[in-house]
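# Descriptive analysis of the structure
Residues per chain are reported as follows:
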Amino acid sequence: MTQRVYQAWKGSNKFVFGGRLIFGPDARSVPLTVLLILVPVVLFCVFVARHLLHEFSPHNAGYAILVVPILFTVYVFILLSFTSARDPGIVPRNSHPPEEDLRYETTVSADGRQTPSVQIPRTKEVIVNGTTVRVKYCDTCMLYRPPRCSHCSICNNCVERFDHHCPWVGQCIGLRNYRYFFMFVSSATLLCVYVFSMSAFYINIIMEHQRGTVWMAMRESPWAVALMIYCFIALWFVGGLTGFHSYLIGTNQTTYENFRYRPNSRTVAYNRGCANNFMEVFCTKVKPSRNNFRAFVEEEPPRVVTLPTIVTNINKRSAEAEDEIGSRRQKVEDDLDIGDDLMNLSQRCNPAEASNDQPHQTLDIDQLALGVADRAATIRTETRHGSWGRRSGSWDIAADVANSNVREISKSFSWPSLRLQTDKILLMLHDLLDWRVHFHSREGIKGAYLIADSVIKEDRFQSYTA
């Protein structure tokens, strides 16, 4: 079944009402913020504003003191919902890196092998209002962030004109909700000022009616005192935020830029004057969201990436290496055939196979050795390292060399001991053939004849054949 965008969303956001509302991962803090605003207003209406309904000359003018905080609280909640329940300016992710910015590089290892690698420049420069601005590449979203965009580690999204992530509203503050965030904070500040001032006014009225001291009035209305203390503490937070963000708007900065960059390099390209900066924040149209969270996910067609020439050359080299391995396997099979010939020679020399009625067969060792040498001479080998670390070049086994060596071997033997001599030579040839297969070199055949020639001339072999 096809999923919608909010169901396959890779960020850490939480969606409500089928993707119509989007919150941050810490959206549980929003009810706490609502209670911090609602509870003081309810206490104010019950214990303070209710007693001020008839304290003004027009008999019904005091109702305004009760209606104003209620309407203002509703207005604050609306601003809170606009701040925390909408897209702050999330930049949609790419499913693959931008191909136009890919760079294909090659690294050469110690053994001379070339390894291709695909790299993306970490930064690139763009022009903003005639000023060069450097933008960074985001590995998570696989895109170059627009100017003034940053990746929020909490929401795991790139947000345009990223200001900060506010835990009290459970959402990032960016291009599309910064206006409502400032209005929410400033409205909360005004609400605190209103509650504080009306509570102080109520204590003053108690002092006038009872003609007592401040302490007597405070004992008469402890809830008014508690509301004054609460609003005084809250003003340090929301009031401080209002003043700080008023300064940021006037200089066209963000909280992230203010804490990240040096004073001489902050938003030089974006500051258009105090009045124009305020107009930009409050009097411009909010850009539409780049994401349609309720849309269905579209499957992208398979991509065909054209690799550079060096990758093609490496593929050719890999094919050549496979051909070389196949030729080496063929060489091993040829040597195994030579081994079969030697085994046949051993069976023919076994006296158990010969009966008394059959005459003794004369073995033409010269012709057999020449046949083996001719087969070995037709195979060439490439330059490789031998077992002793020396480097061997390409060579051919000459038939006359093999013929002369075998003739010397045959002259050293006496025909009565032909069986023992032949078996000894075959054992040495088999051992050297195994050595050749292990090191993938055809030097085993040549070495077999040369070593056999030297061993025959030794005294221990002559004493064995006597």
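Residues numbered from 1 in each chain as written. Predicted model: local features only at pLDDT ≥ 70, side-chain atom pairs only at ≥ 80, totals over all residues. Heavy atoms only, no water.

For helix H2 (residues 63–84), with 22 residues, the first-to-last C-alpha span of 32 Å sits near the 32 Å given by 1.5 Å per residue. Of the surrounding elements, those touching the buried residues of H2 are strand E2 (21–23), helix H1 (29–47), strand E11 (171–173) and helix H3 (178–210). (Helix = DSSP H or I, 4+ residues; strand = E, 2+ residues; numbered from the N terminus. Expected span 1.5 Å × (residues − 1). Contact = heavy atoms within 4.5 Å.)

Moving on to the environment of Val42. Among the secondary structure elements, Val42 is positioned in helix H1. The partly exposed category is assigned to Val42, whose relative accessible area is 42%. Along the sequence, Val42 and Ile70 sit 28 residues apart, while their C-alpha atoms lie 8.6 Å from each other. (Buried < 20%, exposed > 50% of the residue type's maximum accessible area, 1.4 Å probe, protein only.)

All right, on to a nonpolar patch on the surface then. Together, Ile229, Phe232, Ile233, Trp236 and Phe237 make up a nonpolar patch on the protein surface, roughly 620 Å² of accessible area in all. Here Ile233 is to be found in helix H5 (residues 222–251). Relative accessible area serves as the criterion here: at 46%, Ile233 is assigned to the partly exposed category. (Patch = residues over 30% accessible without salt bridge, like charges linked within 9 Å, V, L, I, M, F, W, Y side chains within 5 Å. Areas by Shrake-Rupley, 256 points an atom, 1.4 Å probe, with all protein chains shown as cover. Salt bridge = Lys/Arg side-chain N within 4 Å of Asp/Glu carboxyl O.)

What follows deals with the packing of aromatic side chains. Inspection of the entire model under this criterion finds 14 aromatic pairs. Each ring, one from Phe44 and one from Tyr194, has its centre 6.0 Å from the other, and the planes form 70 degrees; the classification is edge-to-face. With Phe44 in helix H1 and Tyr194 in helix H3, this residue pair connects regions lying 150 residues apart in the sequence. Since its relative accessible area comes to 0%, Phe44 is described here as buried. Three or more aromatic residues joined by ring pairs make a cluster, and in this case those are Tyr6, Trp9, Phe15 and Phe293. Between Arg4 and the ring centre of Phe296, over which it is positioned, the NZ or CZ distance is 4.3 Å. Over the face of the ring belonging to Tyr270 we find Arg148, whose NZ or CZ atom lies 4.2 Å from the ring centre. (Phe/Tyr/Trp six-rings, centres within 6.5 Å; stacked < 30°, edge-to-face > 60°. Lys NZ or Arg CZ within 6 Å of the ring centre and 35° of its normal.)

This part takes up the pattern of salt bridges. All chains considered together, the criterion is met by five salt bridges. Here Asp139 and Arg122 are joined by a salt bridge, their closest N and O atoms 2.8 Å apart. Note that Asp139 is positioned in the loop between strand E6 (131–138) and strand E7 (143–144) and Arg122 in the loop between strand E4 (114–119) and strand E5 (123–128), a separation of 17 residues in sequence. For Arg148, the salt bridge is made with Glu257, and the minimal N-O distance between the two is 2.9 Å. Within this pair, whereas Arg148 is found in the loop between E7 and strand E8 (150–152), its partner Glu257 is found in helix H6 (residues 255–260), the two being separated by 109 residues in sequence.

All right, on to the UniProt feature "transmembrane region" (unreviewed entry) in the protein chain then. Annotation from UniProt places "transmembrane region" (unreviewed entry) at residues 30–49, 61–83, 180–203 and 223–244. In the segment residues 30–49, helix accounts for 90% and strand for 0%; the C-alpha atoms at its two ends are 27 Å apart. Along residues 61–83, the helical share is 91% and the strand share 0%, with 34 Å between the first and last C-alpha atoms. (UniProt positions renumbered as here; feature names shortened; annotations may be inferred.)

In this structure, Phe44, Val48, Ile65 and Phe184 are the most contacted members of the largest nonpolar core, which totals 42 residues. Where this core is concerned, the elements lending two or more residues are H1, H2, H3 and H5. If one sorts the elements of this core by residue count, H3 sits on top with 16 residues. With near-sequence residues (within four places) excluded, Phe184 lies in contact with Thr33, Ile37, Val76, Leu79, Leu80, Thr83 and Val169. Grouped together as the second largest cluster of nonpolar side chains are six residues, Val91, Cys138, Leu143 and Cys149 included. (Core = buried A, V, L, I, M, F, W, Y, C linked by side-chain atoms within 4.5 Å.)

Below, the discussion takes up the pairing of E5. In this structure, E5 lies alongside E6, joined through six bridges in antiparallel fashion. The residue of E6 that forms the bridge with Glu125 is Arg134. Hairpin connection between E5 and E6: a loop of two residues separates the two successive antiparallel strands, and Asn129 in this loop has a positive phi of roughly 55 degrees. (Pairing = 2+ DSSP bridges.)

Sheet architecture is open: three strands sit in the order E5-E6-E7, paired in antiparallel fashion. This sheet does not close on itself; its edge strands, each paired only once, are E5 and E7. Of the strand pairs in this sheet, E6 and E7 are connected by two bridges, and their pairing is antiparallel. Within the sheet, the bridge partner assigned to Cys138 lies in E7 and is Leu143.

Moving on, we come to H5. Taking 1.5 Å as the rise per residue, H5 with 30 residues should run 44 Å; its terminal C-alpha atoms sit 43 Å apart, in good agreement. Its axis deflected by about 35 degrees at Leu235, H5 carries its strongest bend there. For H5, the full list of buried residues reads Ala224, Val225, Leu227, Met228, Cys231, Ala234, Val238, Thr242, His245, Leu248, Ile249 and Gly250. For H5, the secondary structure elements touched by its buried residues are H1, strand E10 (164–166), H3, helix H4 (214–220), H6 and helix H7 (274–282). A positive backbone phi angle near 55 degrees is found at Asn252, which sits one or two residues after H5. (Bend = angle between axes of the 7 residues up to and from the residue.)

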